[in-house]
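Remarks on the overall topology
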Amino acid sequence: MSYHSPLGFNSAHQRRAIREKAYAAALTALQHKAHMSYSEGWDRWSGIAHDRRAYRHEFPEVTDCSAFYTWCVWDATRAEKSPDFVNGLKWEGGYTGTMTKFGQRIEQKDLLTADAVFYGGSLGIPAHVAIYIGGGKVISHGMEGDPRVYPLNLNGALPITEFRRYIR
Amino acid sequence: MSAKTSVPIGTTSVVGWSASAVAFGTALVAYLTGDHSAQTVTSVEAAGVGLVMLAVTHLGRYAQVRKIEGTLLPVAKEVLGTVEKYDPGVTAQVEAFVKSEVAKVEEKLTSEDPAPDVSDLEVSSATPTLGGQEALKVQYGTATKVPTAAAHPEANS
């Protein structure tokens, strides 16, 4: 059965490569967590604004959960020069409330690496989002000291609201 | 050696496979008949890598080459040890073994999910304090536009 990607990622190989890059970006940030801080101010988009790239071992020094997820996917799709398919704001802004307007809702059983997991809040504006990395784990950047690897349920911090797929 | 075999980018010919398999078998036979020189060992490994390189060429996944080399070299060494110990004459079986390993790599590359091994990543037992996203609503209106491939045709490449 053929699959037409709304974003032009028509090859499974291409989508796989993007997922792999997004995971690598999240890992890069994880390795530099000591140099990262949490902010919900506009500076949380500085990672993208300053062209911080994981392949150069760079990471967003200041970010929040939604900007962190967005940075991972943005970094993974620079070769494709993809438009902002996460927040629809030209990679210049967003929060969970814009993220839920994009992507595709999926079931937990269908989770793939680099899918988004939303927690708490409401369906339209979840309180938190993390990047799924496989094996029932996510990398979350929701407070000072993050990013960290957490189990999918964030140790019960917040209920899971929904799962969404952007790389499709 | 497979290095002398011309393989068009993006396609893997039967000739290419056969040549690489023969190169692997030839180098392996040289090893099994007593030539344990570093050069021969290198040839065995290089020919094995050549087989995988063909698979990579077929899949068009050049970015994976380094990773696959790392995957195959231990396999080649394992092949040498196993064949020498049990049945030095069955190079055809060795080739089949290597091809099966290549098939595994192909299968992994074809899967949409990279499925990284995350078992080594330490999981935090802390319960995070979360939830500032609702307050960010005031920064954004409802003016968001869903992007499409048509707006950025280069994404189709």
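Our structure's up above, just so we're on the same page.
Residues numbered from 1 in each chain as written. Chains lettered and ligands numbered in written order. Predicted model: local features only at pLDDT ≥ 70, side-chain atom pairs only at ≥ 80, totals over all residues.

Let us look at the overall build of chain B. Each helix and strand in chain B was counted, giving 4 helices and 0 strands. Listed N to C, the secondary structure of chain B is α-α-α-α in terms of helices and strands. Across the 157 residues in chain B, those meeting the buried criterion constitute 27%. (Helix = DSSP H or I, 4+ residues; strand = E, 2+ residues; numbered from the N terminus. Buried ≥ 20, exposed ≤ 12 C-beta atoms within 10 Å, placed from the backbone.)

Attention now goes to the overall build of chain A. Each helix and strand counted, chain A has 4 helices and 8 strands in total. Its helices and strands in sequence order give chain A the pattern α-β-α-β-α-α-β-β-β-β-β-β, from N to C terminus. Residues classed as buried in chain A amount to 57% of the 168 residues present.

Moving on: the sheet that holds strand β4 (residues 116–119) of chain A. All names here are of chain A. The strand order across the open sheet built from 6 strands is β3-β8-β4-β5-β6-β7, with neighbouring strands paired in antiparallel fashion. Two strands in the sheet have a free side with no partner beyond their single neighbour: β3 (104–106) and β7 (148–151). Within the sheet, the average angular offset between the axes of one strand and its neighbour, ignoring direction, is 40°. Both strand β5 (residues 128–134) and strand β6 (residues 137–140) contribute to a ladder of 3 bridges, which runs antiparallel. Considered in β6, the bridge of Gly-134 is made with Lys-137. Relative to β5, helix α1 (residues 12–31) is tilted by about 110°, and along the sheet it contacts β5, β6 and β7. Those strands touched by helix α3 (residues 65–76) are β4, β5 and β6, and its axis lies near 40° from that of β5. (Pairing = 2+ DSSP bridges. Axes fitted to C-alpha atoms, helices over the stretch in contact; angles between N-to-C directions. Contact = placed C-beta atoms within 7 Å.)

Now for the packing of α1 of chain A against α3 of chain A. All names here are of chain A. Packing of α1 against α3 leaves a shortest axis separation of 8 Å and a crossing angle of 130°. In terms of orientation, α1 lies oblique with respect to α3. The chirality of how α1 crosses α3 is right-handed. Residues Ile-18, Lys-21, Ala-22, Ala-25 and Ala-26 of α1 form the contact with α3, whose participating residues are Trp-71, Cys-72, Val-73, Asp-75 and Ala-76. Of the residues that constitute the contact of α1 with α3, the class distribution is 8 nonpolar, no polar and 2 charged. (Parallel < 35°, antiparallel > 145°, perpendicular 65-115°, else oblique. Left-handed = near helix turned anticlockwise from the far one by under 90°. Nonpolar A, V, L, I, M, F, W, Y, C, P; charged D, E, K, R; others polar.)

Time to look at the interface of chain A and chain B. Size of an interface, as often reported, equals the accessible area lost when the parts are brought together. Opposite the 57 residues of chain A that make contact, chain B presents 42 residues. Counting residues per element, the ones that place at least two in the side of chain A that touches chain B are α1, α4 (96–99), β5, β6 and β7 of chain A. Residue contributions to the side of chain A that touches chain B peak at 8 residues, all from α1 of chain A. Counted by class, the side of chain A that touches chain B contains 23 nonpolar, 22 polar and 12 charged residues.

Time to look at unusual backbone geometry. All names here are of chain A. Cis geometry marks the peptide bond from Asp-146 to Pro-147; its omega dihedral reads 5°. Following the sequence through the fold, Pro-147 ends up in the loop between β6 and β7. One non-glycine residue, Ala-114, lies in positive phi territory at about 85°. Summarising the element assignment, Ala-114 is placed in the loop between β3 and β4.

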